[in-house]
Amino acid sequence: MVEARIMEEGLFFSEWTTQEELKLLESIDEYGYGNWVSVAAQVGKDAEECRSHYDQFYLCNPHPALPVLPVKCEEDSLRAMDGDPNEPVLPYYPGAEISGYMPLRGDFTVEADNDAEEEITDLNIDPEDSKIVIALKLATVKSYCWRLRQRAYRKSIIREYGLLDIRKQLAMDQARLNKKQFKIKQQFRSFMRFMSPETAGKVLQSLYTEVQLCEEIRKLQEYRSNGITTLRGSELYEKLLARRKRVKEEHEDAARRECAAEEALFYHILQQKNLLKPQDIPKRLREVKKETPLDIKHCIGVEKLSPDEKEVCSQCRLQPKAFLQYKQVLVSYWKQEGALRLADARKVLKIDVNKTRKIYNFLVEKGLIQSS
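Residues numbered from 1 in each chain as written. Predicted model: local features only at pLDDT ≥ 70, side-chain atom pairs only at ≥ 80, totals over all residues. Heavy atoms only, no water.

K.L.:
Requested: an account of the nonpolar core, with residues and values cited.
P.N.:
Within the largest apolar cluster, 25 residues are counted, with the highest numbers of intra-cluster contacts made by Phe323, Leu330, Val348 and Ile359. Put simply, the parts of the chain that give this core at least two residues each are α7 (166–176), α11 (307–316), α12 (320–337), α13 (342–349) and α14 (353–365). For this core, the leading source of residues is α12, giving six residues. The residues contacting valine 348, other than those within four sequence positions of it, are Ala171, Ala175, Val329 and Tyr333. In terms of nonpolar packing, the next biggest core, distinct from the first, is built from nine residues, Trp36, Ala40, Val43 and Cys50 among them. (Core = buried A, V, L, I, M, F, W, Y, C linked by side-chain atoms within 4.5 Å. Buried < 20%, exposed > 50% of the residue type's maximum accessible area, 1.4 Å probe, protein only. Helix = DSSP H or I, 4+ residues; strand = E, 2+ residues; numbered from the N terminus. Contact = heavy atoms within 4.5 Å.)

Next up, the structure:
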């Protein structure tokens, strides 16, 4: 190996090997300049020879021309892959703390292959090591560098696909995709790391198109089984089918309301005649008490809210951190899609519908989003 050959050859001239140069510097660091007898005992040379060699190459000429090693620097390759090491590798997103991401360091609390550093914790190259031991230690270092490159590769995948903000990605996917498309993307995630972002997007789009074509074929088969052979007939069929479903749902809702009213009246009569205690009435029929506003004065992140936002948080009983996250998700969705309905907001946030409505109306009132 090149490294082992250099350790055996001379660094400045052939009479002094690289190992002897290292021993000389370590001995002077240990015993001090001038204790040439002790230094010579460690190096294996004469005391005068050690003194003259150190004075000539290190004291009188402190910057000699060192030989260029024909070995690729692993650190440069890591920096080329991972970007500027002094800057965070990935940007910060709300909700990133779920994945343990530290934005100021550009690292995760638990990295990929988190135990890689244990292999080189106590590793050091001793000049007295044999060639086989030196080769084994250098191979361990190369293995560690390869594991670092794999770690950087995984970070690059997270950066390219924008996978750090898990909540936002899931919310956007659920709002933009239907149930079948969302299921396809979730199943396809494990294969994305083998493709570039552009290729993965094209493959996903082709799978979505396949699902859409299968749905169109199913609809055509349904039309044919019902004796429909024209486009105008299919449009009329869809209108009549939608009206039929709507009328059926209205009848079912009316029947449910009528049953609920009769049940409530029955329990009310029993209670008036003292035949039933209030606690025996089902919870769904009891009077719903108004929720008291939440006190957020001492909550984390309250200083980031405006007075109106604090009022909304208090009325909706939301933590300031959660409110800011919901606000950013809705504003980002509106900027990306160009429109945001209340129904879309409910699909994106997936929280209580009344809280969603209050947040949506507040953002529309403040001009942060526009209702379509």
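Having seen it, we continue.
K.L.:
A description of the environment of leucine 318 should follow, citing residues and the corresponding values.
P.N.:
Looking at the element boundaries, leucine 318 is found in the loop between α11 and α12. You can call leucine 318 buried: its relative accessible area is 8%. A sequence separation of 22 residues divides leucine 318 from isoleucine 296, and the C-alpha atoms of the two residues are 8.5 Å apart.

K.L.:
Please set out the packing of aromatic side chains residue by residue, giving values where relevant.
P.N.:
Across all of its chains, the model carries six aromatic pairs by this definition. Note on tyrosine 33 and tryptophan 36: the rings are 5.0 Å apart at their centroids and 85 degrees apart in plane angle, and the pair reads as edge-to-face. With relative accessibility at 48%, the residue tyrosine 33 sits in the partly exposed group. Residue class for tryptophan 36 comes out buried when judged on its relative accessible area of 10%. (Phe/Tyr/Trp six-rings, centres within 6.5 Å; stacked < 30°, edge-to-face > 60°.)

K.L.:
Outline the pattern of salt bridges, listing residues and values.
P.N.:
Charged atoms that come close allow side chains of opposite charge to pair. Summed over the entire model, instances satisfying the criterion amount to 16 salt bridges. In this structure, arginine 218 and glutamate 222 form a salt bridge, with 3.6 Å as the shortest nitrogen-oxygen distance. Of this pair, arginine 218 and glutamate 222 both sit in helix α9 (residues 197–225), four residues apart, which is roughly one turn of the helix. Residue classification places arginine 218 among the partly exposed positions, given a relative accessible area of 39%. Across the pair glutamate 309 and lysine 327 runs a salt bridge whose closest N-O atoms are separated by 2.7 Å. Within this pair, whereas glutamate 309 is found in helix α11, its partner lysine 327 is found in helix α12, the two being separated by 18 residues in sequence. (Salt bridge = Lys/Arg side-chain N within 4 Å of Asp/Glu carboxyl O.)

K.L.:
Lay out α11 in plain terms, naming residues and giving numbers.
P.N.:
All of the buried residues along α11 are Glu309, Val312, Cys313, Ser314 and Cys316. Close packing links the buried residues of α11 with α12 and α14. Where α11 ends, the next residue or the one after it, arginine 317, has phi of about 55 degrees, a positive value.

K.L.:
I'd love a proper account of the confidence of the model for the protein, names of residues and values included.
P.N.:
Looking at the protein as a whole, the pLDDT averages 78, with 75% of positions reaching at least 70. Ranking the helices and strands of the protein by mean pLDDT puts α9 first, with 89, and helix α5 (residues 74–82) last, with 46. Contacts from residues 71–92, a stretch scored under 50 in pLDDT, to residues over four places away or in other chains number 35 contacts. (pLDDT = per-residue confidence, 0-100.)

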